[in-house]
Amino acid sequence: MANLTVTIGNESFDNPIWVASGTFGYGTEAPELVDVNQLGAIVTKSITRQPREGNPPPRIVESPSGMINSIGLANIGVEKYIKELLPIYEGLSTKIIMNIAGIDIQEYVEIMEMVESVSSVIAGYEINISCPNVKKGGMEFGVDCEMTAKLTEKLRGITERLIIMKLSPNVSDIVSIGLSAEKAGADAVSAINTVVGMSINAKTEMSDIYTTYGGLSGPAIKPIGLAAVHKLYKKLGIPIIGIGGIVTGEDAAEYMLAGATAVQVGTANFRHPGITENIIDSLNTLLNDSNRSFSSELIGKVRTHS
Amino acid sequence: MANLTVTIGNESFDNPIWVASGTFGYGTEAPELVDVNQLGAIVTKSITRQPREGNPPPRIVESPSGMINSIGLANIGVEKYIKELLPIYEGLSTKIIMNIAGIDIQEYVEIMEMVESVSSVIAGYEINISCPNVKKGGMEFGVDCEMTAKLTEKLRGITERLIIMKLSPNVSDIVSIGLSAEKAGADAVSAINTVVGMSINAKTEMSDIYTTYGGLSGPAIKPIGLAAVHKLYKKLGIPIIGIGGIVTGEDAAEYMLAGATAVQVGTANFRHPGITENIIDSLNTLLNDSNRSFSSELIGKVRTHS
Amino acid sequence: MIIERARINSNRQLAHQIWEMQFEAPQIATAYKGSGQFINILARDDWNHPLRRPMSIASAEGGCVSIIYKLFGGMTKVLSKKISGETVELLGPLGNTFSNWNNGSYPILIGGGVGLAPMLNLKQACEHNKIDHTIIIGARSGNEHFIDHDPTKNIYLTTDDGSIGEKGTVMGPLEGLIKENTNAVLYACGPEPMLKAVKEFAMKNNMNAQLSVESYMGCGIGLCQGCVIQRKNSEIQSHSYHEKYSLVCMDGPVYQATEVDFG
Amino acid sequence: MIIERARINSNRQLAHQIWEMQFEAPQIATAYKGSGQFINILARDDWNHPLRRPMSIASAEGGCVSIIYKLFGGMTKVLSKKISGETVELLGPLGNTFSNWNNGSYPILIGGGVGLAPMLNLKQACEHNKIDHTIIIGARSGNEHFIDHDPTKNIYLTTDDGSIGEKGTVMGPLEGLIKENTNAVLYACGPEPMLKAVKEFAMKNNMNAQLSVESYMGCGIGLCQGCVIQRKNSEIQSHSYHEKYSLVCMDGPVYQATEVDFG
Ligand SMILES: Cc1cc2nc3c(=O)[nH]c(=O)nc-3n(C[C@H](O)[C@H](O)[C@H](O)COP(=O)(O)OP(=O)(O)OC[C@H]3O[C@@H](n4cnc5c(N)ncnc54)[C@H](O)[C@@H]3O)c2cc1C
Ligand SMILES: Cc1cc2nc3c(=O)[nH]c(=O)nc-3n(C[C@H](O)[C@H](O)[C@H](O)COP(=O)(O)OP(=O)(O)OC[C@H]3O[C@@H](n4cnc5c(N)ncnc54)[C@H](O)[C@@H]3O)c2cc1C
Ligand SMILES: Cc1cc2nc3c(=O)[nH]c(=O)nc-3n(C[C@H](O)[C@H](O)[C@H](O)COP(=O)(O)O)c2cc1C
Ligand SMILES: Cc1cc2nc3c(=O)[nH]c(=O)nc-3n(C[C@H](O)[C@H](O)[C@H](O)COP(=O)(O)O)c2cc1C
Ligand code: FES
Ligand code: FES
C-alpha cells in the first residue's frame, strides 16, 4: 500500500480523493452506500448566507458523457449549517471543507465570520467564485482577477484555516485568476467548476433546463480540467486541486500527473455513491504497479513532448 | 420535402448542413464516400500564407465522446490553394468557403488579397481567429474584441464576398467578441472552434499530444456550442453558423433552434465521411414531422422556460 | 438503499414498445416497502450515459424484482437488448409508497402509459389483501395494452383511438365509477397531463388522490438536488429542506394531489 | 475505399489476449490490393468512442476479410464480445501494400505482437506464389503465440522469457538467417522498438527493409491530418503534401525503412 497522504497548507489529508461540492450533499445522505471516513475530504454543498430554494425544475439533463445542471445553489443557509451539520462533522474522521457562495464580498465575509465564531472541526473553506448558475452568485468574481484578489484577501484576514479558491473554466485565462488568488493569500486553488452549456430537445423544441444555461460536468469535460490544472501547475506555487470528469483511479492519477495535489470527484457520485472508495483502491494499485510509495510523487510528473 | 435554403449576406446555400474546416480536407479527399454536391457548403482547411508542415505527432487522441487534436494548421499554403484547388472548385455545384489563418493582420490581408486577385467561384471566407493549437496563429485575435474588430474591418475592405468570423469558446465572453465582429462588418460569425483540452496516459505518464494542449471536439462539446450560439443569437443581428458535436439531424435542428442559420459538421466526418447526407435527410424528416416547410423556421425558435 | 448487481431472469416484450424485465435481486426485494417505490438502473458500464435510469418496481416477491418499461431513448433501448443471464446494477428500493389504500376506502387505480407499472403492483397488493378496487389503464392505442379490458373484473382500458376498451382518456370511466363508489380514493401514475386531470377531478369532487410523479433524476438518493417538483403547500417533509420544492427521489415519487403544483 | 456493413462470421481467441475475427465483406475483399492494407472498424453505434479503429487485414479471400487483434482498451474489448451474426461497419481497404517480395529476393517476414497479422497475410501470398521465405514472430511470452516454432519450416518464434522458441527478440534468429540468404529483404510489422531495431539492422547490413508503422488515426482516409509520422528524406508521395511528415493512412502504413524517422 502506497502512502496517499496529502498536505495542503498546514492540513494533512489521508488521501487525495475528495468529493466535490454539490455532488455529495452535506456528506450525510448515503451512509448505507459509502463510508465517508474513507474519503480524503468532503467538500460540502455551497452554503449561502440565507437558505435558498434553488432554481425551478427542470434542473438537470444528460449530455454525451456528461450532464448539465442548474441547481441554483439550493441550500440550507449558513445558520442551519452551523447548528445542524457542524456537530455531525465532529463525529467524522474525514476532513470537512465547507464550500461558500455569496452575492458580494460582504456575504462571503459574513458567512465565514459566522462559522469562525463557533468552534468546529472543519479543515477549511472552498470559495465558489465560479458557479455559472446564479446570476449574481458567482461568475462575476471568477472571471475577474481584481475581484478574485480582493475577495481572497478579505477572507484571508478572517481565517487561519485553508482557503481554496475554486476557479471557473469559463474564462479566457484561468492562470491569471489563479495567480491573483495565490498572491492574495489563498492556500490552494481548485479547478474546474462546470462549463457553461445548454441542452435542447429537438422534438419539443424546448430548452431542457429551466435557466436555459447550466453547468456541464462529467467525463466530457476531463480534457478541459486537465488542461486547466496543467496550466495552473506551471505558473502557481500553491497546491492545485483537480476537478472534472474523474470516474476512475486512472483519471485521478492523470490529474495528479498534470499537477494536482488532490482531486475531487463530482458527477460520478450520482451514479456510484461509493465510487470514491474504488478510486482510492485503484489509485493504490496504479502506484504499486509503477513502484511508487507516495501518491504525491505523481504531482506534476506528466512527461510532455515539447 | 422541406425547403432547406439558407441565405447569408447575398449568398444563398441549398441547405444549412456544411462541413467544418479541417475535418474534410480540401473537399476532394473522399469522392467515393460522399457526394460533396449534396452539401450546403464546404469550409476548406485553414490556409496560411506559406505551406505549413504542422505539428509533430502525436496529433490526435480520443476522449470521452470526443477527441483532441493538434494538427498545427498543416496546409498547402495559399499559392498552391489558388493554383490547384480553386480550379477544382469551379466544377462543384456546392459552395466553397475558404478558411484563412494568419499570424498577424498583414498575413490574413495578404492571403485574402491573393485570392481576390484571381477569378474564382468561392462564396466567401471563414476567418480562423480561434485556432488554439498554434501559438501565434490564432488565440490572440479570438480573445480580444479590439483585435477582432480591427482584423474584420481590414478584411471587409478587401472583399465583397462573405466574411464569417469563427469564434473561440475559450473566452470569458464570446458575445462581446461576436459583437465586435458584427460592428466591424462581418456577414456572419461561426461558433465554436475547439475547446482547449489535454490528455494524459496514466500508464506511460506521457501527454498524449505533442503540443501538450489540443482542441477538444465532438459530441462532448455540443452543450458548449449550443450555449454559445444561443447567447450570440440573443445579441447579434447577423447570422450565426453553429458548430460543435453535431452528428445527427436532431443535433443540427438543436443548433438552429438555438439560433444558427446553418451548421457545420466536424469530427463526425472522420467516422462517417458521408454523415452530412444522413444529417440532411433526417433534418428533412424532422421538419416534415413538425409540419415545417422551411428549415429557416427553426432559427432561434427554442422555447425557454425563463 | 442497496446497490445490488442483479441477474436478469427474463426480458420480454409485452406490447408495442413496452417491455418487462425481471431481476434476481433478493436484497432489494426484501427491503421493498410497497407500491410506488422505484429502482435506479445502470444498464451500461461505459460513461456515454453517465446517469442511472429510474424505473418503478412493478413487482417484488420471492427475491425477484420486475419493471415494466417503455422504449424511449438510449438506455431503454440498451435494456431491451439484454438477455437473461446478463446482469445490471440496481440501486434501490428508493422513494416512498402509496398509502391508505387498505384502510376501508375504495381504491381506484389509474395508470397511463408505463405509469401502469406501480398500479399493477398496487393492484396485486389489493388482491393479496382482499380489498375491492378498480383499475383503469390508458394508452394511445390498443397495441400498447397487454391486459384485457374486462369491466366485470373491474378492469377498464381506454385508448385515444378507441381501438381497445373505451375511446378517450382514463377520465371517461372515472366519472361513472365514483358515482358507484362514494368512498373512492384515487391512485394515479402516468404522464403529467393525466395526473393534472386526475388532480382537478379529485379537487372538484372533493376526493383524496395520490399521484406518483416523474422528474429527471441525477442520483435518486438526495445527493444532486436535481429531481425537484414544485410544491403547492409547504408541509416540509423529512428529506427535503425546501419549502417550495420537493425532492421526488426522497419525498416522492408519491404525493397527495393537493401537494403538487403542476404550474 | 468502401464502407461496408459486414456480418461477423467468426470471432475466436487465438492466444492470450489475441483474437481473430472474420467478416463477410465481399466489396472490401474484392477491392483488396495486398498485404499491408488495413480496414477502419466501427464496433459501436454510440459516440462514446467517436473514432474508428484501424486493423491490418490478415486475410482477404472468398468475399471474406479477417483481422487479428489484441485486447487493448475500450473498442477491442467490445470487438471481443461480438458474436457471429452481428454486424460491424468496415471502411476499407485502406493504405498501401508491401512490395517487391515477388521479384526474386528472399523475403524475411518479421512480426511482433499483433503486427503479425499483415505478416501472416504476406506469408500466405508468398506460399501462393511459391516464393521461399522465412517468418519470425516475436512475443513477450509463449501464451501469446498461436503458431508452432518450426525452423525446419522456416517458422521461428521468439519470446522475451524464452517460454517458447528462442529466448530474446526477433533480432536473434535474424542474424543467422541473413548469413544464409544474401539476397534477403526484410518485411516487418510490430511495436516501434522492434521496427527501430529492424531498421538499424538493415542499414548496418546494407539491406532493403519495408516497415509497416502504426499511428493514431482520426479518419484513415486523409481528412484529418492526424496520422502523420516523421519522414527521414523528402520523397513526397502522392497523398501527403508534407515533406517532413507523411500521412500513414494514405502513403503508409508501409514505408521503406530508410524513409522513416523514429526520432
Ligand atoms: C420515479 C420514476 C419512475 C419511473 N418509472 C418508469 C417505469 O416504470 N417505466 C418506464 O418506462 N419509465 C419509467 N420512468 C421514466 C424513465 O426513467 C425514462 O423513460 C427513462 O429514463 C428513459 O431513458 P432513456 O435513456 O431510454 O431515454 P433518453 O434518451 O434519456 O430520453 C430522454 C427522456 O427520458 C427521461 N429521462 C432520461 N433520463 C432520466 C433520468 N435520469 N431520470 C428521469 N428521467 C429521465 C426524460 O424524460 C427525458 O426527456 C420513471 C421515472 C421516474 C422519475
Ligand atoms: C495501420 C494500423 C494497423 C493496425 N493493425 C492492427 C492489427 O492488425 N491488430 C491489432 O490488434 N491492432 C492493430 N492496430 C492497432 C489498433 O488500432 C489499436 O490497438 C486499437 O485501436 C486499440 O483500440 P482500443 O479501443 O482497444 O484501445 P484504446 O482504449 O483506445 O487504447 C488506446 C491505444 O490504442 C491505440 N489507438 C486507439 N485508437 C486508435 C486509432 N484511432 N488509431 C490508431 N491507434 C489507436 C493507441 O495506441 C492508444 O494508445 C493497428 C493500427 C494501425 C494504425
Ligand atoms: C448537480 C451539481 C451540483 C453542483 N453544485 C455545486 C456547488 O454547489 N458548488 C460548487 O462549487 N460546485 C458545484 N458543482 C460543481 C462540482 O463541484 C464540480 O466542480 C463539477 O461538477 C466538475 O466535476 P465532475 O465532472 O466530477 O462532476 C456542482 C456540480 C453538479 C453536477
Ligand atoms: C482534426 C481537426 C482539425 C481542425 N482544423 C481546423 C482548421 O484548420 N481551421 C479551423 O478553423 N478549425 C479547425 N478545426 C475545428 C473544426 O472546424 C470545428 O470547429 C470543431 O472541430 C468543432 O466541431 P465538431 O465538434 O463537429 O468537430 C479542426 C477540428 C479537428 C477535429
Ligand atoms: S435525484 Fe438526486 S436528489 Fe433526487
Ligand atoms: S487518419 Fe486522418 S489523415 Fe490519416
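Model, not experiment: these values are computed from the prediction.

A. Representation of the interface of chain C and chain D in the model. Across the contact, four residues belong to chain C and four residues belong to chain D. For the pairing of chain C and chain D, the buried interface totals around 270 Å² over both sides, and the portion due to carbon and sulfur atoms is 31%. The largest per-residue losses of area from chain C upon contact with chain D belong to Arg-44, Asp-46 and Asn-48 of chain C, which jointly make up 91% of the total buried on that side. Taken together, chain C and chain D are joined by two salt bridges.

B. Molecular detail of the packing of aromatic side chains. Inspection of the entire model under this criterion finds ten aromatic pairs over all chains. For the pair Phe-13 of chain B and Trp-18 of chain B, a centre-to-centre distance of 4.5 Å together with 35° between the ring planes defines the contact as tilted. Of the residues examined, Phe-13 of chain B reaches a relative accessible area of 0% and is grouped as buried. We classify Trp-18 of chain B as buried; its relative accessible area is 0%. An aromatic cluster is present here, built from Tyr-26, Tyr-81 and Tyr-89 of chain A joined pairwise through their rings. Against the face of Trp-47 of chain C rests Arg-271 of chain A, its NZ or CZ located 3.9 Å from the ring centre.

C. Up close: the interface of chain A and chain B. In this assembly, 52 residues from chain A lie in contact with 52 residues from chain B. Counting each side, the surface lost to burial between chain A and chain B is near 4300 Å², with a carbon and sulfur contribution of 61%. When residues of chain A are sorted by the area they lose upon contact with chain B, Ile-200, Glu-205 and His-305 of chain A head the list and together hold 17% of the total. A salt bridge links Glu-205 of chain B to Arg-292 of chain A; the shortest N-O distance between them is 2.5 Å. Only strand E11 (195-198), strand E12 (200-201), strand E13 (206-207), strand E14 (213-217), helix H5 (222-235) and helix H6 (249-258) of chain A provide two or more residues apiece to the side of chain A that touches chain B.

D. Structural context of the confidence of the model for chain A. Mean pLDDT over chain A stands at 93; residues scoring 70 or higher make up 97%. Contacts for the low-pLDDT stretch residues 132-138 of chain A, under 50 throughout, to residues beyond four places or in other chains number 24 contacts.

E. Spotlight on the domain arrangement of chain C. All names here are of chain C. Partitioning chain C into structural domains gives domain 1 (2-94) and domain 2 (106-256). Relative placement of domain 1 and domain 2: their C-alpha centres are 21 Å apart. Tallying the contact residues gives 21 residues for domain 1 and 23 residues for domain 2. Both sides together, the interface formed by domain 1 and domain 2 hides about 1800 Å², and carbon and sulfur atoms give 62% of it. In this assembly, domain 1 and domain 2 are joined by zero salt bridges. Looking at the side of domain 1 that touches domain 2, the elements with two or more residues in it are strand E1 (2-15), strand E3 (38-42), strand E4 (53-56), strand E5 (59-61), strand E6 (64-70) and strand E7 (87-94). If you tally residues by element for the side of domain 1 that touches domain 2, the top one is E6, at three residues. When grouped by side-chain class, the residues that make up the side of domain 1 that touches domain 2 number 13 nonpolar, six polar and two charged.

F. Representation of the relation of the copies chain C and chain D. When chain C is fitted to chain D, the best match, at an RMSD of 0.0 Å, comes from turning it 180° and sliding it 0.0 Å along the axis. Expressed as a symmetry operation, the mapping of one chain copy onto the other fits a two-fold axis. When C-alpha positions in chain C are compared against the rotation axis, the closest is assigned to Asn-48 of chain C, at 2.5 Å. Of the interface residues in chain C, 100% have counterparts in chain D that sit at the interface too, so the contact is made through matching surfaces.

G. Structural view of the site of ligand 4. The immediate surroundings of ligand 4 are formed by 25 residues, with Ser-21, Ser-46, Lys-166, Gly-245 and Thr-267 of chain B found nearest. Looking at the residues close to ligand 4, they fall on chains B and D. Between an oxygen atom of ligand 4 and a main-chain N or O atom of Gly-218 of chain B, the distance comes to 2.8 Å. Take Gly-266 of chain B: an N or O atom from its main chain is 3.0 Å from an oxygen atom of ligand 4. Split by residue class, the shell around ligand 4 holds eight nonpolar, 15 polar and two charged.

H. Region of interest: the site of ligand 1. Residues and elements named next belong to chain C. In the vicinity of ligand 1 there are 20 residues, among which Pro-54, Gly-73, Met-75, Thr-76 and Met-217 approach most closely. Residue Lys-70 places a main-chain N or O atom 2.9 Å away from an oxygen atom belonging to ligand 1. The side chain of Glu-214 places a nitrogen or oxygen atom 3.4 Å from a nitrogen atom of ligand 1. Its free accessible area being 850 Å², ligand 1 has 85% of it covered by the protein chains. Looking at the shell around ligand 1, the elements with two or more residues in it are E4, E6 and helix H2 (74-81). Counting residues per element, the shell around ligand 1 draws most heavily on E4, at four residues. Looking at the shell around ligand 1, you find at least three residues from each of domain 1 (2-94) and domain 2 (106-256).

I. Examining the pairing of strand E10 (residues 155-159) of chain D more closely. Residue and element names in this part refer to chain D. Across the five residues of E10, five count as buried, placing the element largely inside the fold. Burial along E10 is two-sided: Ile-155, Leu-157 and Thr-159 facing one way and Tyr-156 and Thr-158 facing the other are all buried. Direction of pairing for strand E9 (residues 134-139) relative to E10: parallel, over a ladder of five bridges. Residue pairing for E10: Gly-138 is matched across the bridge by Thr-158. Two elements, E10 and strand E11 (residues 166-167), share two bridges in a ladder whose sense is parallel. For Thr-158, the partnering residue across the bridge sits in E11 and is Glu-166.

Analysis parameters
Residues numbered from 1 in each chain as written. Chains lettered and ligands numbered in written order. Predicted model: local features only at pLDDT ≥ 70, side-chain atom pairs only at ≥ 80, totals over all residues. Heavy atoms only, no water. Contact = heavy atoms within 4.5 Å. Buried area = accessible area lost by both parts, 1.4 Å probe. Salt bridge = Lys/Arg side-chain N within 4 Å of Asp/Glu carboxyl O. Phe/Tyr/Trp six-rings, centres within 6.5 Å; stacked < 30°, edge-to-face > 60°. Buried < 20%, exposed > 50% of the residue type's maximum accessible area, 1.4 Å probe, protein only. Lys NZ or Arg CZ within 6 Å of the ring centre and 35° of its normal. Helix = DSSP H or I, 4+ residues; strand = E, 2+ residues; numbered from the N terminus. pLDDT = per-residue confidence, 0-100. Domains from an automatic or database assignment. Nonpolar A, V, L, I, M, F, W, Y, C, P; charged D, E, K, R; others polar. Least-squares fit on C-alpha atoms with pLDDT ≥ 70 in both. Near = heavy atom within 4 Å. Polar contact = N/O pair within 3.5 Å; in protein donor to acceptor, adjacent residues only side chain to side chain. Areas by Shrake-Rupley, 256 points an atom, 1.4 Å probe, with all protein chains shown as cover. Pairing = 2+ DSSP bridges.

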